[in-house]
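# Examining the three-dimensional arrangement
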Amino acid sequence: MTDTLMAVPSGGVVLDADVVVPAQARGVVLFAHGSGSSRLSPRNRMVAERLNGVGLATVLTDLLTTDEERVDARTAELRFDVDLLAERLAGVIDWIAEQPALARLPLGLFGASTGGAAALLAAAARPRRVRAVVSRGGRPDLAGARIAEVVAPVMLLVGERDERVMELNQTAAVDLGGPWTLWVVPGASHLFAEPGTLEQVAGAAAQWFDRHLAGVDLTLDDY
């Protein structure tokens, strides 16, 4: 397994990305962080490690530059600019298509919070490249009307106690242009901080990506 910090050009800026490629990888998952998070998010890194363990490569990238993160920490204005985040994410998708170790692997997107909306918009912008999407505690409503252009299979993961976000997911899901499923994690709040809930997210995501990227259809107990 290789683990590399890389500089990724996207949308006129250069983004940092942690790229992990297991031996004989069967697919690659690009993470979209949101709501003031970054590629160092412990929750997303935990999910990424689970995906690596089942033979999926992962790309965890910052969608904002260091200077932009400083501005956003004060104003919170960029974390909700889903069009900007989606544009950057699409640029990373294009970069992945040029990397020898990743280019031939089927691609999925994992988005968290506002990154969920960015992932859906990027999937709409790159329909021939994106094969599956998982959204954790995401805001698909922020994708607007373009959510209908998402044809890749989508899993929406929402905490049982995150009632407002669950309502937003339920309302937006019916407008998706492809197959979707809403997975409610019992006892979980928005950040999935309760014991065992993030493990359920990781297992469900691994199952979804295995099915739609690698063509493997196992039960959740296998993860």
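Quick look at the structure, then. (Residues numbered from 1 in each chain as written. Predicted model: local features only at pLDDT ≥ 70, side-chain atom pairs only at ≥ 80, totals over all residues. Heavy atoms only, no water.)

### Some points on the packing of aromatic side chains
The condition that has to hold: Any two rings among Phe, Tyr and Trp, with Trp reduced to its six-membered ring, count as a pair given centres within 6.5 Å; such a pair is stacked if its planes are under 30 degrees apart, edge-to-face if over 60, and tilted if neither. Note on conventions: DSSP H or I runs of at least 4 residues are helices, E runs of at least 2 residues are strands, and numbering of each starts at the N terminus. For the exposure calls, accessible area comes from a 1.4 Å probe over protein chains only, and a residue counts as buried if that area is under 20% of its type's maximum, exposed if over 50%, partly exposed in between.
Scanning the model with the defined rule gives 1 aromatic pair in all. Arranged with centres 4.9 Å apart and planes meeting at 35°, the rings of phenylalanine 31 and phenylalanine 110 form a pair that is tilted. Pair noted here: phenylalanine 31 is in strand E3 (residues 27-32) and phenylalanine 110 is in strand E5 (residues 107-112), with a separation of 79 residues, a long-range link. Judged on exposure class, the residue phenylalanine 31 and its partner phenylalanine 110 are both buried.

### Description of the pairing of E3
What counts, and what does not: When DSSP finds two or more bridges between a pair of strands, those strands are recorded as paired.
Counting buried positions over the 6 residues of E3 gives 6, a clear majority of the element. With burial as the criterion, each face of E3 is covered, one bearing Gly27, Val29 and Phe31 and the other bearing Val28, Leu30 and Ala32. Bridging between E3 and strand E4 (residues 56-61) involves 5 bridges; their strand directions are parallel. Residue pairing in the sheet places valine 28 in a bridge with alanine 57 of E4. Taken together, the 5 bridges between E3 and E5 define a ladder with parallel strand orientation. Directly across from valine 28, in E5, lies its bridge partner leucine 107.

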